[in-house]
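# Structural overview
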Amino acid sequence: MKLYIETVGCQMNMLDSELVVASLRKDGYELTADVGEADTILFNTCSVRQHAEDKIYSALGRLKNAKRQHPDKVIGVLGCMAQKDQGLIFKRAPYVDLIVGPGQLHQVPELVREIRERGGQRMEVSLGRKDGSRHEIERSHESFDPLRDPTMRPTPFQAYVRIMIGCDKFCTYCIVPSVRGPEQSRRASHILAEARQLAGEGCREITLLGQTVNSYRHREGDRTWRMSDLLAALHEIDDLERIKFVTNYPKDMTNDLLAAVRDLPKVSKYLHVPVQSGSNAVLRRMKRGYTVEEYREVLARMREWIPGVAVTSDFIVGFCGETDDDFQQTMDLVRESRFKNSFIFKYSERPGTKGAELYADDVPDDVKRRRNNELLELQNQISDEENHAFLGREVMVLVEGPSKAAEKHGAAQRAESSPSPAFSEQLQLTGRTHCDRIVVFTGNRRQIGQFLPVVIYDANAHTLFGEVVTQHVGPELFTLS
Ligand code: SF4
């Protein structure tokens, strides 16, 4: 049986797809990249922006004829959009067989089997935030990573590990608390067991995932584990060499966590701490729970405690009621904060959020687009300057694989059916520094998965370019005597 799966959205979704693929492989499925030959077609969806949902509905639209010609194909919609739209998906695309929310993904193999044997449609989703007691709602969302599949990871030596699910912050623009349920931290002993297993399988870098990962807190026996305790315990795992974590909530950036990042060499000196806006009026309407002054204090503390830390942020431009003056305050904050980079999004109204209920989406799209471009231009200029500070410096790079250019070149060669490149052939590789900067350099395939020292000789806003440092062993000249 062949499985085609398409994933939209964040790292959480990539991890969810990894788990779904692992469980379907146990049922005899093999992955295919060709939707035409697939027996089961799954879309793991995102509902954070309208655009992501539109993409899935149009992909479903393209499958209508295929389903008519091959009614035995199983088509499923998984993840956040499944939880948000539920039966609406059957209404808009009646040929869809399966709808499964993020909390029920472990049931996918059984549901697919049932549809194959008995036909009909199936829908499994979690309770809404008002549909029961907190305990009942939590249970309906709980599903913590039973199986892993290395082939679905970013690379075989890098893996995501979920340490929390859900969110209780209820920022007014955000659909996550509805579709991912209440904030729940995972047992530290389970996280450590999973990390040990991953390290044993050759994984050298893990990225801990949570919507507000630094809010992690779990009581086990008579001990309460904080994020800093978890980092210290993970740091003890021998074969693990790098530990990252995303995404941080500014107000929960405590000093014990900053000390852990500073003192534990395996923990990346890289913190993603989204501020979203530089205007207090906008932050208030977003219900982010802090002021710009408080964010500045957090940023100053991070830089004081962790010298050289790379900080990144997210911004939403054109949120309800954002004036030119509000936007200029965001520009000022970016100018002074010197983020390594920022992810910038135009506000997209999400039905079911407080923002959609309380405020008009009143910033015209062309204004959103202009603000997006202006902010991006400013951030790129800063990223470029920050990256140029690396010229001449040596950085340690975890080599991830061929660069995009090398992959394109390889694909073109394969299309011309040239022989595949020799294992030792030089090619352009890409990897990341400990502070999460992308580095491109020339090397060969057997270096993929290794840590290499690279000296930087050029840079732009997004990439550092370098050369692998080679060491001379023994005398260079021999005399014959
Ligand atoms: S902290 Fe706010 S933006 Fe982040 S997931 Fe929770 S509600 Fe959404």
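In what follows, the accompanying structure is described.

We now examine the packing of aromatic side chains. Enumeration according to the criterion identifies 7 aromatic pairs in this entry. Ring centres 6.2 Å apart and planes at 40° place the aromatic pair Tyr290 and Tyr295 in the tilted group. When sorted by exposure, Tyr290 lands in the same class as Tyr295, which is buried. One aromatic cluster is present, built from ring pairs that chain together Tyr249, Tyr290, Tyr295, Phe315 and Phe339. A cation over a ring is seen here: Arg92 above Tyr57, with NZ or CZ 3.6 Å from the ring centre.

Among the structural elements, His218 can be located in strand E11 (residues 217–220). Not counting chain neighbours up to four residues away, the residues in contact with His218 comprise Ser185, Arg186, Arg187, Arg223, Thr224 and Trp225.

This paragraph deals with the site of the ligand. Around the ligand sit Cys167, Lys169, Phe170, Cys171, Tyr173, Cys174, Val176, Pro177, Gln211, Thr212 and Arg288, and those are all the residues in its vicinity. Partitioned by chemical class, the residues of the shell around the ligand number 7 nonpolar, 2 polar and 2 charged.

This part covers the nonpolar core. Judged by nonpolar contacts, the single largest core of 64 residues is most densely connected at Ile163, Ile206, Leu208, Leu231, Phe245 and Leu271. Once you skip the residues sitting within four places of it in the chain, Leu271 turns out to touch Phe245, Asn248, Met253, Leu258, Val261, Met302, Ile306, Val309, Ala310, Val311 and Thr312. Within the second largest apolar cluster, 22 residues are counted, among which are Tyr4, Leu63, Ala93 and Tyr95.

The 6 strands lie next to each other as E2-E1-E3-E4-E5-E6, forming an open sheet whose pairing is parallel. This sheet does not close on itself; its edge strands, each paired only once, are strand E2 (30–31) and strand E6 (122–124). Across 5 bridges, the pairing between strand E1 (residues 2–7) and strand E3 (residues 40–45) is parallel. When the bridges of E3 are listed, Tyr4 appears paired with Ile41. Strands E1, E2, E3 and strand E4 (74–79) of the sheet are contacted by helix H1 (residues 11–25), whose axis makes an angle of about 170° with E1.

Bringing the layout of surface pockets into the picture now. By volume, the second largest pocket amounts to about 400 Å³. Elements represented by at least two residues in the lining of the second largest pocket include exactly strand E15 (310–317) and strand E17 (394–402). Of the residues assigned to the lining of the second largest pocket, the class counts are 10 nonpolar, 4 polar and 9 charged.

Right, let's talk about the pattern of salt bridges for a bit. What the rule picks out here adds up to 38 salt bridges. The network of salt bridges with shared partners includes Glu205, Arg242, Lys244, Lys340, Glu400, Arg432 and Asp436.

Conventions and cut-offs
Residues numbered from 1 in each chain as written. Predicted model: local features only at pLDDT ≥ 70, side-chain atom pairs only at ≥ 80, totals over all residues. Heavy atoms only, no water. Phe/Tyr/Trp six-rings, centres within 6.5 Å; stacked < 30°, edge-to-face > 60°. Buried < 20%, exposed > 50% of the residue type's maximum accessible area, 1.4 Å probe, protein only. Lys NZ or Arg CZ within 6 Å of the ring centre and 35° of its normal. Helix = DSSP H or I, 4+ residues; strand = E, 2+ residues; numbered from the N terminus. Contact = heavy atoms within 4.5 Å. Near = heavy atom within 4 Å. Nonpolar A, V, L, I, M, F, W, Y, C, P; charged D, E, K, R; others polar. Core = buried A, V, L, I, M, F, W, Y, C linked by side-chain atoms within 4.5 Å. Pairing = 2+ DSSP bridges. Axes fitted to C-alpha atoms, helices over the stretch in contact; angles between N-to-C directions. 1 Å grid on protein atoms, 1.4 Å probe; cavity = no way out; pocket = protein on both sides within 12 Å on 5 of 7 lines; lining within 4 Å. Points joined across faces, edges and corners; volume = space filled by probe spheres on them. Salt bridge = Lys/Arg side-chain N within 4 Å of Asp/Glu carboxyl O.

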